[in-house]
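Each chain is listed here by its residues.
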Amino acid sequence: MLQSLDTYWNPFLETMPAEKLRDLQLVKFKRILKWGYERSKLYRRMYDAVGLKPKDIKTWDDVRKVPLIEKGSYREAQYKDPWPYGDSLCVPLEDVTVYHQTSGTTGQPVCQPDTWQDWEWQAENWSYYIWAMGFRNTDRVFFPFGYNVFIAYWAGHYACEKIGAEVVSGALLNTEERILKMKELRVTAFMATPTYVLGMADTCRKMGIDPKELRITKILCAGEPGASVPTTKKRMEDAWGCPVYDHVGATEFGSWGYECSFKPGGLHVNEGMFLLELLDLETGEPIEEPGKLGKIVLTAFDRLAQPSIRSDTKDVAMWSAEPCECGRTFRVLKGGIQGRTDHITKVKGVLFSPVAVEEVVRSMPQLSDEYELVVDKVGDIDRITLKYELNPGFEGQEKEVEAELTKVLRVKTNLGYTYESHPYGSLPRYQVKAKRFKDLRKDH
Amino acid sequence: MVEQAKLREMANLITNIRNEAEKLKALGSGIKCVEMNVVRMSAMIKMLELNINDVADILDA
């Protein structure tokens, strides 16, 4: 159902009939494919290797013939002239105006160049999302992040400026100072990872401040899937007394998914600016039907300096059967990101996603926000250990808590666990992306 | 909702602005304050093209 004009950043694109939207996507896919082939040595090598020319791509079936690109391909093409982007760069080096890089947790960081137009495009995409979440020019938005080489909320900052909101950087302040500054300036919104949103609430309480006293009206989360995990979202919303919205993106692809204020139980895909394909985890066949998990393959239609054309994101999701009440025809990924192909793994022969455990842990008031999952082997047998902390006031209840965890996790994940109780505050706290899942079996 | 005729009218105006920006770029060649501000202006025009012209072209097709 269509809502009022003010609901949408771009009413034409966001409510476009689905079949017309598909037509637009095919036109834009061909355009970026041609650009990548003509401008990037990396893409040209990949496509020449399989005998593919842009003019061969005419239909959606043809799109499936275009090879997938992985993060490793960028790495191999980079760290040579034009430094450091090498063969992945599609524009003259002097047209690049912004540098970011990936965190490098899975290898050498991938460098991401953007032209000024690319950077406008980043801010434009974020404008769609924050507008859909209810950010307006009356908002004063706080950015409690490091403003460093990682892309994080940089584009969120520029999008806020674009929609006319007021931005406040909390870059070099520590958490306590950030909270005091937010309170002093009466900021109305902020953006952070779910881990940090919960951590800030914890710090507030330690300072004798109820987070609700800050009168925040909305929070945008990114960087981790937590804001789409219902129990984690509830913890954040209960703590701050305001809606929390999820958002997803990555350095190499741009930001492509968001939750609108109608909260459809998942993430809209910005299908006007991106092509998101779900591919079957085993066969690689495209998935169009709702409710079936697949890996996300992304194409950013309009990012030119270093395009993302059929990138294997390693993220896993499923289409929702229900359209959103907001009237947008952009499809919804039910429950947001369900995990990563390199995290969704078989334990004792059972397909296991760490996100399912987070949902259980965060549903139990006896447990703190922090936990850790470690998979290893005892002899030839897989073992999965859940490290947890009891909240203050629940000390000595390990036996009851573990019995409850066993019961719920058995139903939810079909697996048995061993447990380690840790004193409150002793498990690692994270400010950016949390690393709570460790699979040590590869080391055996 | 906004009618489709307005979409086409806006798309035509954006095309005119693009053409004028290109003329300004050519005229201001070598004058840095013109060249670099046109780069920024062109990026914003591109966003209007992605938002409006691309959509109008598909809906008109």
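An account of the accompanying structure is given in this report. (Residues numbered from 1 in each chain as written. Chains lettered and ligands numbered in written order. Predicted model: local features only at pLDDT ≥ 70, side-chain atom pairs only at ≥ 80, totals over all residues.)

**With respect to the overall build of chain B**
Per the secondary structure count, chain B includes 2 helices and 0 strands. Relative to its length of 61 residues, chain B is extended, with a C-alpha radius of gyration of 14 Å against a globular reference of 10 Å. Along the first, second and third principal axes, the C-alpha set of chain B runs to 45 × 20 × 15 Å. Here chain B, with 61 residues, has 20% of them falling under the buried criterion. (Helix = DSSP H or I, 4+ residues; strand = E, 2+ residues; numbered from the N terminus. Rg over C-alpha atoms; globule rule 2.2 N^0.38 Å. Buried ≥ 20, exposed ≤ 12 C-beta atoms within 10 Å, placed from the backbone.)

**Some words on the sheet that holds strand 11 (residues 294-300) of chain A**
Residues and elements named next belong to chain A. Spatially, the 4 strands line up as an open sheet ordered 10-11-12-14, and their pairing is antiparallel. Of all strands in the sheet, those bounded by a partner on one side alone are strand 10 (274-280) and strand 14 (339-340). Pairing of strand 11 with strand 12 (residues 311-317), which is carried by 4 bridges, proceeds in the antiparallel orientation. Residue pairing for strand 12: leucine 298 is matched across the bridge by serine 311. (Pairing = 2+ DSSP bridges.)

**Focus on the interface of chain A and chain B**
Residue-level contacts link 17 residues of chain A with 15 residues of chain B. Taken together, the elements giving at least two residues each to the side of chain A that touches chain B come down to helix 1 (11-14), helix 2 (18-39) and helix 6 (116-132) of chain A. A total of 5 residues in the side of chain A that touches chain B trace back to one element, the largest contributor, which is helix 6 of chain A. When grouped by side-chain class, the residues that make up the side of chain A that touches chain B number 10 nonpolar, 2 polar and 5 charged. (Contact = placed C-beta atoms within 7 Å. Nonpolar A, V, L, I, M, F, W, Y, C, P; charged D, E, K, R; others polar.)

**Thoughts on the environment of Glu282(A)**
With respect to the helices and strands, Glu282(A) occurs in the loop between strand 10 and strand 11. Measuring from C-alpha to C-alpha, the distance between Glu282(A) and Lys295(A) comes to 9.6 Å, with 13 residues separating the pair along the chain.

**Digging into the packing of helix 1 (residues 4-27) of chain B against helix 2 (residues 32-60) of chain B**
The packing of two helices is summarised by the inter-axis angle and the distance between the axes. All names here are of chain B. Look at helix 1 against helix 2: their axes get within 9 Å of each other, and the N-to-C directions meet at 155 degrees. By the angle between their directions, the pair helix 1 and helix 2 is classed as roughly antiparallel. For the pair helix 1 and helix 2, the sense of crossing is left-handed. Class assignment of the residues belonging to the contact of helix 1 with helix 2 gives a composition of 16 nonpolar, 4 polar and 6 charged. (Axes fitted to C-alpha atoms, helices over the stretch in contact; angles between N-to-C directions. Parallel < 35°, antiparallel > 145°, perpendicular 65-115°, else oblique. Left-handed = near helix turned anticlockwise from the far one by under 90°.)

**So, the sheet that holds strand 17 (residues 367-378) of chain A**
All names here are of chain A. Strand order in the open sheet made by the 4 strands is 19-18-17-20, with mixed pairing throughout. Across the chains shown, the open sheet's two edge strands, defined by having one partner strand only, are strand 19 (418-422) and strand 20 (437-439). Strand-to-strand, the axes of this sheet are offset by a mean angle of 15 degrees, without reference to chain direction. Direction of pairing for strand 18 (residues 381-390) relative to strand 19: parallel, over a ladder of 5 bridges. Across the sheet, residue lysine 387 finds its bridge partner in strand 19, namely glutamate 420.

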